[in-house]
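The chain contents come next:
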4 protein chains.
Amino acid sequence: MKAQAILRPLTEGDRPVWQSLWDGYCAFYKVRLPAPVIDGLWEKLTSGDPAIHGMLAESAETGEALGLMHYVLHPHTWSLKTVCYLEDLFVTEAARGQGVGRALIEWLAARGRDEGWFRLYWHTDEDNETARLLYDRVAGPATMVRYAIPLTK
Amino acid sequence: MKAQAILRPLTEGDRPVWQSLWDGYCAFYKVRLPAPVIDGLWEKLTSGDPAIHGMLAESAETGEALGLMHYVLHPHTWSLKTVCYLEDLFVTEAARGQGVGRALIEWLAARGRDEGWFRLYWHTDEDNETARLLYDRVAGPATMVRYAIPLTK
Amino acid sequence: MKAQAILRPLTEGDRPVWQSLWDGYCAFYKVRLPAPVIDGLWEKLTSGDPAIHGMLAESAETGEALGLMHYVLHPHTWSLKTVCYLEDLFVTEAARGQGVGRALIEWLAARGRDEGWFRLYWHTDEDNETARLLYDRVAGPATMVRYAIPLTK
Amino acid sequence: MKAQAILRPLTEGDRPVWQSLWDGYCAFYKVRLPAPVIDGLWEKLTSGDPAIHGMLAESAETGEALGLMHYVLHPHTWSLKTVCYLEDLFVTEAARGQGVGRALIEWLAARGRDEGWFRLYWHTDEDNETARLLYDRVAGPATMVRYAIPLTK
């Protein structure tokens, strides 16, 4: 059964609910971010930075938080249009399997069609099988791999 | 034997050499970009847009063009630092196998360490075996896959 | 009497109406922009670039174009919030004196409050008396002057 | 007599010297910024954000800090080129009148010519007479005034 989810942009009053979702996300990936990085991310998400945005999914019935999405906009070289990098997608354990993640991705694709973005992309671990089942359905099979070099000391 | 390559930023006078390298790149990927997209990309690369940059590799002896790299800078959510997306990397057929591509990536990683970027990343086709041999050496094995939804009509 | 104006973001289908308003704006300032600059500006406004945006004002009764506004978002140093630069504001001769310019500025200020921007600012010629009458009302007297050095050859 | 000043970009190790100059700047303008805003500004200046940059002026003889400049890059509508907003310029009391402020502005104008920026601009209070004497010399008389609406609560 599908949860009825309401999707809406993050605003300044959302810090507590955002914090609990972001903690869940970080716990899932077994990372601990320093407090200034979390504060700084919150600032970026709510200070009108045009390149970085957040969306909340909430239950239409109870108002309970169901999920969180962060996305980044940047130029690219193959067209004059902006591309959108869906960087973080998280659904609470209780709300998984009910279409919330899919609804967030589809909202973002629809927004991109309206705004004239060129492409929406995201990355996932090669062996994250649950996520890949969903992603194969909404985007077709992955054919590109990502290489990365960490640069900070 | 290694080519002695000089690496330098693109400037406004480089349109002819840039055009011939970019044509080579597009031919390699079997894409034809419309002229206004190519003109617009050239404008972005040379109009001081802080988010998008180009580098040329030239022979230290003959001045001949050996390779081209375009990169994009954007914010992300896991740190307050910028990340760098190496979007396009091209080495002419005559200059392949001589370390030019590697020199361009290493220049970019060094610049990123100086500037305080968080990470340098790029994508390649899962089955581009030649490129992956190099990328495995400079970045280790790829463990992330990329999903994408095209958004333009 | 106030015109009933509908304010809405520019979209890809608006090129003809945008072009006629932009021509009016350029004629007012006695500048002729080269065709590639106009095409490039149109591309930026409609390609999802998060830093640059356009709004149309149209008559609620006839659908006729009444005005145009372009604005730019950028970071600044006195707060972590984004600032908004209202770069161009134009109202057709027939629609002047009916509150269209004021409505566009007020829409932008309201949007800024929603998005969490720090400040909305714009420039005008010291001796543009008509514009300054409106601006004194919506923003109070100007106390800052702008210096500029042209950099292109 | 002119001070021999060395101008160089801010890097991560410069926090103490930057802090003392920024404190001097804020004292001059009689503003107190909250600590998280100062920390966040430092992060932006040193995390590779391509839109915001800082430069230090140091004495060539003693290494002592003489001045500080922050600048912001953003798109605009009258050309496809980037514009540069010189947001903050500060010279220590001991170093005033020796050409340090002028050297910083001239360095920035030269960089802009290299990078292909369209224009360099900045604001000052209408009644800051000392600053306006310098600015009239480097940029000619100001003919534009700035209007602004504060948007934060």
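Calculation notes
Counting restarts for each chain, with residues numbered from 1 along the sequence as it is written. Here the convention is simple: chains get letters from A, ligands get numbers from 1, in the order in which they are written. In keeping with the predicted nature of the model, local features appear solely for residues at pLDDT of at least 70, side-chain atom pairs appear and are counted solely at 80 or more, and the whole-chain, interface and lining totals rest on all residues. Calculation of side-chain values draws on the structure's entire complement of heavy atoms; hydrogens and water are dropped beforehand. Numbering of helices and strands runs from the N terminus, with a helix taken as a DSSP run of H or I at least four residues long and a strand as a DSSP run of E at least two residues long. Contacts were defined at the residue level, with two residues in contact if any of their heavy atoms lie within 4.5 Å. Surface accessibility follows the Shrake-Rupley procedure with a 1.4 Å probe radius. Residue values consider only the protein chains on display as shielding. In this count, Lys and Arg are taken as positive residues and Asp and Glu as negative ones, while His and the chain termini are left out. By convention, charge coordinates are those of NZ in Lys, CZ in Arg, CG in Asp, or CD in Glu. One bridge is not enough; two strands pair if DSSP finds at least two bridges between them. Axes, fitted as lines to C-alpha atoms, cover a helix only where it is in contact. Angles between the N-to-C directions of the axes lie from 0 to 180 degrees. One less than the number of residues in a helix, times 1.5 Å, gives the span that helix is expected to have. Under the scheme applied here, a residue whose accessible area is under 20% of the maximum for its type counts as buried, over 50% as exposed, and between as partly exposed, the area being computed with a 1.4 Å probe on protein chains only. By convention a nonpolar core is built from buried Ala, Val, Leu, Ile, Met, Phe, Trp, Tyr and Cys residues, the set being connected through side-chain atoms within 4.5 Å. Buried area, as used here, totals the accessible surface that two parts lose on assembly, with accessibility defined by a 1.4 Å probe and the loss added over both. Any Lys or Arg side-chain nitrogen located within 4 Å of an Asp or Glu carboxyl oxygen qualifies as a salt bridge. Here a polar contact is taken to be a pair of N or O atoms separated by no more than 3.5 Å, where protein atoms must pair a possible hydrogen donor with a possible acceptor and residues adjacent in sequence count only if both atoms sit in side chains. Put simply, Ala, Val, Leu, Ile, Met, Phe, Trp, Tyr, Cys and Pro go in the nonpolar bin, Asp, Glu, Lys and Arg in the charged bin, and everything else, Gly too, in the polar bin. Alignment of copies: least-squares fit on C-alpha atoms of residues with pLDDT of at least 70 in both copies. Look down the strands so they point away from you; if the path from the first strand over the helix to the second goes clockwise, the crossover is right-handed. We call a crossing left-handed when the near helix sits turned anticlockwise from the far one by less than a right angle, and right-handed when that turn is clockwise. Like charges are joined within 9 Å and nonpolar side chains (Val, Leu, Ile, Met, Phe, Trp, Tyr) within 5 Å, but only among residues with over 30% relative accessible area and no salt bridge; these make up the patches. Only rings of Phe, Tyr and Trp enter the pairing, Trp through its six-membered ring, and a pair is recorded when the two centres are within 6.5 Å. The plane angle decides the type: under 30 degrees is stacked, over 60 is edge-to-face, the rest tilted.

Taking an unreviewed UniProt entry as the reference, chain A is identified by name as N-acetyltransferase GCN5 belonging to Oceanibaculum indicum P24.

**Some thoughts on the overall build of chain A**
If you tally the helices and strands in chain A, you get four helices and six strands. When the backbone C-alpha atoms are referred to their principal axes, chain A occupies close to 45 × 40 × 35 Å. Within chain A, contacts between residues at least 6 apart in sequence are counted, and of these 57% link residues at least 24 apart. Total accessible area computed for chain A in this model is approximately 7000 Å², and 53% of it derives from carbon and sulfur atoms. Across chain A, the mean location of the 16 positive side-chain charges is 5 Å away from that of the 20 negative side-chain charges.

**Quick look at the sheet that holds strand β5 (residues 119–125) of chain D**
Taken in spatial order, the 12 strands line up as β1(C)-β2(C)-β3(C)-β4(C)-β5(C)-β6(D)-β6(C)-β5(D)-β4(D)-β3(D)-β2(D)-β1(D) in an open sheet, and their pairing is mixed. Each edge of the sheet is formed by a strand with only one pairing partner; in this case those strands are β1 (5–9) of chain C together with β1 (5–9) of chain D. Taken pair by pair, the neighbouring strands of this sheet meet at an average axis angle of 30 degrees, ignoring direction. Two strands pair when backbone bridges link them, and strand β4 (residues 83–91) of chain C and strand β5 (residues 119–125) of chain C are joined in this way by three bridges, in the parallel orientation. Bridged to cysteine 84 of chain C within β5 of chain C is leucine 120 of chain C.

**Notes on helix α2 (residues 35–46) of chain D**
In this model α2 of chain D runs 17 Å from its N-terminal to its C-terminal C-alpha over 12 residues, within 8% of the 16 Å that 1.5 Å per residue would give. For α2 of chain D, the set of buried residues is Val37, Ile38, Gly40, Leu41, Trp42, Lys44, Leu45 and Thr46 of chain D. Buried residues in α2 of chain D make contact with α3 (100–115) of chain B together with α1 (15–28), β2 (52–59) and β3 (65–74) of chain D. Following α2 of chain D by one or two positions, glycine 48 of chain D has its phi on the positive side, about 80 degrees.

**Section: the nonpolar core**
Ile105, Leu120 and Trp122 of chain C together with Ile105, Leu120 and Trp122 of chain D are the most contacted members of the largest nonpolar core, which has 57 residues in total. Tryptophan 122 of chain C has contacts with Tyr85, Leu86, Ile105, Tyr135, Val138 and Ala139 of chain C together with Val145, Arg146, Tyr147 and Ile149 of chain D, leaving out every residue within four places of it along the chain. Residues Met69 and Leu89 of chain A together with Ala57 and Ala95 of chain B belong to the second largest nonpolar core, which totals 56 residues.

**So, the interface of chain D and chain B**
Each side of the interface is counted separately: chain D has 15 residues, and chain B has 15 residues. When chain D packs against chain B, close to 1200 Å² is buried across both sides, 48% of that on carbon and sulfur atoms. Summed over the shared surface of chain D and chain B, the result is two salt bridges. In this structure, the salt-bridge partner of lysine 81 of chain B is glutamate 12 of chain D, at a minimum N-O distance of 3.3 Å. One can count 12 residue pairs in polar contact (both at pLDDT 80 or more) joining chain D with chain B. For the side of chain D that touches chain B, the per-class residue count stands at five nonpolar, five polar and five charged.

**Digging into the interface of chain B and chain A**
Residue-level contacts link 58 residues of chain B with 58 residues of chain A. With both chains or domains summed, chain B and chain A bury close to 5600 Å², and 63% of this area falls on carbon and sulfur atoms. It is Trp78, Tyr147 and Leu151 of chain B that lose the most area in chain B upon contact with chain A, and together they represent 18% of the buried surface on that side. Linking chain B to chain A there are zero salt bridges.

**Overview of the relation of the copies chain D and chain B**
Rotating chain D by 180 degrees about the axis while translating it 0.0 Å along that axis superimposes it on chain B, leaving an RMSD of 0.0 Å. Taken together, these values place the two copies in the relation of a two-fold axis. Proximity to the rotation axis, assessed at the C-alpha, singles out proline 50 of chain D in chain D; its C-alpha lies 2.6 Å from the axis. When the interface residues of chain D are mapped onto chain B, 100% of them are again interface residues, pointing to one common binding face.

**Observations concerning the sheet that holds strand β4 (residues 83–91) of chain B**
Sheets are built from strands paired through backbone hydrogen bonds, the pairs being either parallel or antiparallel. With mixed pairing, the 12 strands of this open sheet are ordered in space as β1(A)-β2(A)-β3(A)-β4(A)-β5(A)-β6(B)-β6(A)-β5(B)-β4(B)-β3(B)-β2(B)-β1(B). Looking along the sheet, the strands with just one partner apiece sit at the ends: β1 (5–9) of chain A together with β1 (5–9) of chain B. For this sheet, the mean inter-axis angle between neighbouring strands, taken without regard to orientation, is 30 degrees. Sheet strands in contact with helix α4 (residues 129–139) of chain A are β4 (83–91) and β5 (119–125) of chain A together with β6 (144–150) of chain B, and its direction is about 30 degrees off that of β6 of chain B. Helix-sheet contacts for helix α2 (residues 35–46) of chain B involve β2 (52–59) and β3 (65–74) of chain B, and the interaxial angle to β2 of chain B is about 90 degrees.

**Quick notes on the pairing of strand β5 (residues 119–125) of chain B**
Among the seven residues of β5 of chain B, six are classified as buried, and the element is accordingly described as predominantly covered. In terms of strand pairing, strand β6 (residues 144–150) of chain A meets β5 of chain B through seven bridges, oriented antiparallel. The residue of β5 of chain B that forms the bridge with alanine 148 of chain A is tyrosine 121 of chain B. Considered for its hand, the β-α-β crossover made up of β4 of chain B, α3 of chain B and β5 of chain B is right-handed.

**With respect to the packing of helix α3 (residues 100–115) of chain C against helix α4 (residues 129–139) of chain C**
All names here are of chain C. One can describe the packing of α3 onto α4 by two numbers: an axis separation of 11 Å at closest approach and a directional angle of 35 degrees. The chirality of how α3 crosses α4 is right-handed. Along its contact with α3, which presents Gly101, Arg102 and Ile105, the element α4 presents Leu134, Tyr135, Arg137 and Val138. Residues belonging to the contact of α3 with α4 are distributed by class as follows: four nonpolar, one polar and two charged.

**A look at unusual backbone geometry**
One non-glycine residue, lysine 30 of chain A, lies in the positive phi region at around 55 degrees. On the secondary structure map, lysine 30 of chain A appears in the loop between α1 (15–28) and α2 (35–46).

**A look at the pattern of salt bridges**
The final tally for this structure, using the stated rule, is 24 salt bridges over all chains. The partner of arginine 102 of chain A in a salt bridge is glutamate 106 of chain A, with the nearest N and O atoms 3.0 Å apart. Of this pair, arginine 102 of chain A and glutamate 106 of chain A are both found in helix α3 (residues 100–115), four residues apart, which corresponds to roughly one turn of the helix. In this structure arginine 102 of chain A comes out as partly exposed when scored by relative accessible area, which is 27%. Across the pair arginine 15 of chain C and aspartate 39 of chain C runs a salt bridge, and its minimum N-O distance is 3.0 Å. Of this pair, arginine 15 of chain C sits in helix α1 (residues 15–28) while aspartate 39 of chain C sits in helix α2 (residues 35–46); the two residues are 24 residues apart in sequence, bridging distant segments of the chain. Residue aspartate 39 of chain C is classed as partly exposed on the basis of its relative accessible area of 38%. Overlapping salt bridges bring together Arg8, Asp14 and Glu58 of chain A as one network.

**Here's the deal with a negative patch on the surface**
Residues Glu126, Asp127 and Glu129 of chain A together with Glu126, Asp127 and Glu129 of chain B make up a contiguous surface patch of negative charge. Along the chain, glutamate 129 of chain A turns up in helix α4.

**Overview of the packing of aromatic side chains**
Evaluation of the coordinates by the stated rule reveals 61 aromatic pairs over all chains. On the numbers, 6.1 Å between centres and 75 degrees between planes, the contact of tryptophan 78 of chain C with tyrosine 29 of chain D is edge-to-face. Taken together, the positions of tryptophan 78 of chain C in the loop between β3 (65–74) and β4 and tyrosine 29 of chain D in the loop between α1 and α2 put the pair across two chains. Since its relative accessible area comes to 31%, tyrosine 29 of chain D is described here as partly exposed. Here the aromatic rings of tyrosine 25 of chain D and tyrosine 29 of chain D are separated by 5.0 Å at their centres, their planes lie at 50 degrees, and the arrangement is tilted. Each member of the aromatic cluster is reached from another via a ring pair, and the members are Trp18, Trp22, Tyr25, Phe28, Tyr29, Trp42 and Phe90 of chain A together with Trp78 of chain B.

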